[in-house]
Amino acid sequence: MDKFVIKGGVALHGEIATGGAKNSALPALAAALLTAETVTLRRIPQVRDIRTMQELIESIGARVEVTNDAVRVEARTIVSPEAPYELVKTMRASSLVLGPLVARAGRARVSLPGGCAIGARPVDLHLAGLEQLGARIHQVHGYIEAEAPGGLRGATIHFDRVTVTGTEDLMMAAVLARGETVIENAAREPEVLDLAELLIRMGAKIEGAGGSTIRIQGVEKLGGAEHTIIGDRIEAGTFLVAGAITGGELTVTDCVPEHLGAPIAKMRQAGITIEQTGPGELRVRGTRALRSADMTTEEYPGFPTDLQAQYMALMTQAEGIAIVKENIFENRFMHAQELARMGANIRLDGRQAIVAGPRDLSGAQVIASDLRASASLVLAALAARGETTIDRVYHIDRGYEKIEEKLAGVGAQIRRE
Ligand code: EPZ
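Cut-off values and rules
Residues numbered from 1 in each chain as written. Predicted model: local features only at pLDDT ≥ 70, side-chain atom pairs only at ≥ 80, totals over all residues. Heavy atoms only, no water. Helix = DSSP H or I, 4+ residues; strand = E, 2+ residues; numbered from the N terminus. Rg over C-alpha atoms; globule rule 2.2 N^0.38 Å. Buried < 20%, exposed > 50% of the residue type's maximum accessible area, 1.4 Å probe, protein only. Contact = heavy atoms within 4.5 Å. Areas by Shrake-Rupley, 256 points an atom, 1.4 Å probe, with all protein chains shown as cover. Lys, Arg positive; Asp, Glu negative; His and termini not counted. Charge placed at Lys NZ, Arg CZ, Asp CG, Glu CD. Near = heavy atom within 4 Å. Polar contact = N/O pair within 3.5 Å; in protein donor to acceptor, adjacent residues only side chain to side chain. Nonpolar A, V, L, I, M, F, W, Y, C, P; charged D, E, K, R; others polar. Pairing = 2+ DSSP bridges. Salt bridge = Lys/Arg side-chain N within 4 Å of Asp/Glu carboxyl O.

Engineer: How should the overall build of the protein be read in this particular structure?
Structural biologist: For the protein, the count of helices and strands is 14 helices and 24 strands. Relative to the compact-globule value of 22 Å for 417 residues, the protein shows a C-alpha radius of gyration of 21 Å, a close match. A total of 417 residues make up the protein; the buried ones form 57% of that total. At a minimum sequence separation of 6, the contacts of the protein that also span at least 24 residues come to 73%. With an accessible surface of roughly 15900 Å², the protein has 46% of that area assigned to carbon and sulfur atoms. Of the side chains in the protein, 46 bear a positive and 52 a negative charge, and the two mean positions are spaced by 2 Å.

Written as structure tokens, this is what we have:
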């Protein structure tokens, strides 16, 4: 199992590029199942979760061709509308093939994702929505079996709570349903809007994506399209924290500053200088006088839960007490114990973590538990005195492409073993 060895205490300087958004690429690959024609996707990050999704759609029957500038998908026929347990257990976002398969093939058999490190991760809202579109759903032997032999018909769907992949799944089901579908209380994440733009290029009729109410007029069939994935706002946010926590100066390129409104405002509140230095470019300057600032994770456009762990690492270096509240997932503080082993002063109390700082961090042996927790350990290690080894970095490889190369490129002493 790979591990990272990081020697901390080096201020990072230079330019670091953002890749394509993993959480936009995943639904885009699933969307290609909706047509027999070729869908060409650019800026697909070659990370583990993407390779898993590419494997999954190939097993379903799509031809997937990966070149260095694009991924071409051609799902001429759906051979097996299934997402087997072996794949789903490694990546719960596999449930994103549910909607496209029921819409295209009239049936789907997808393993229940099961929980993961950060929470139970149910898909009940996905299933309730598909039933409202006319699919018959039943669960047996740990699998979801969905059927709509006569096709789907439009409906008004109201989500009890905001769900990102639930919104994406149902948008992909509704584009081929007969009649109009209205999705209320839809997720507003940029990745939802990016998916809608791809679907519209394929011939779908969608209005309001990116807002809380999405209107879809079903069409007979969809065609091929070309699409470039948006920059990964979570990767960009992680790099902003890296510049701040090491007291350096980084220019993060190829990102979308307007997708980072909440994290930028919060980091400025903590005393960090962040300015837009060009289209798609943010410059962050760390400061020794980091101030604590309370933070609560919310659905977009609030502070993203996927940057909570990284922000907690930053707050260990800030003067005062920061209350970090995690509203989205029930168990997303696994990084706190590992940060404490490096010297952080963090007390957990249910959905909130109380971070007292500043605390000098010292290098230690730590273990990654999930994708974003491992990113926070890398950040803490960059700021810590001495050497840190982070075990189980396969977690970080799920969502960050060549992170050690990118960080080494701006001065970090990091190597993979
Ligand atoms: C997406 O997960 C992202 N993954 C997650 O990123 C991200 O943390 C999350 O949205 C929140 O922004 C992808 O886009 C592939 P949700 P998703 O459905 O869609 C509950 C990362 O690190 N819920 O918006 O699975 C759920 O338990 C990953 O890249 C139900 O109760 O999240 C959670 O508490 C981690 N029933 C809340 O809603 C459902 O049917 C939000 O979950 C669905 C969700």
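Engineer: Explain the site of the ligand here, please?
Structural biologist: What surrounds the ligand is a group of 23 residues, the closest being L125, T163, T165, D306 and I328. Here an oxygen atom of the ligand sits 2.6 Å away from a polar atom, N or O, in the main chain of I328. The contact in question runs from an oxygen atom of the ligand to an N or O atom on the side chain of R332, over 3.5 Å. Contact with the protein chains covers 90% of the free accessible surface of the ligand, which is 820 Å². Its residues assigned to classes, the shell around the ligand comprises 10 nonpolar, five polar and eight charged.

Engineer: Would you take a moment to explain the pairing of strand β1 (residues 3–7) for this structure?
Structural biologist: Two faces make up the sheet, and in a regular strand the side chains alternate between them. Inspection of the sheet shows β1 paired to strand β23 (residues 387–391) by five bridges, in the antiparallel sense. Residue pairing across strands places V5 opposite T389, the latter belonging to β23. Inspection of the sheet shows β1 paired to strand β24 (residues 413–416) by four bridges, in the antiparallel sense. For K7, the partnering residue across the bridge sits in β24 and is Q413.

Engineer: Explain the pattern of salt bridges to me, please; I cannot follow it from the model alone.
Structural biologist: Working definition: two side chains of opposite charge can pair if their charged atoms are close together. Under the criterion given, the structure shown has 22 salt bridges. A salt bridge links R215 to E180; its shortest N-O distance comes to 3.6 Å. Highlighted residues: R215 in strand β13 (residues 213–217) and E180 in strand β11 (residues 180–184), separated in sequence by 35 residues. A salt bridge links R285 to E249; the nearest nitrogen and oxygen atoms lie 3.6 Å apart. One end of the pair, R285, is in strand β17 (residues 281–285); the other, E249, is in strand β15 (residues 249–253), with 36 residues separating them in the sequence. The exposure class of R285 is partly exposed, given its relative accessible area of 31%. Shared partners join several salt bridges into a network, and the residues in it are D2, D397, E404 and R416.

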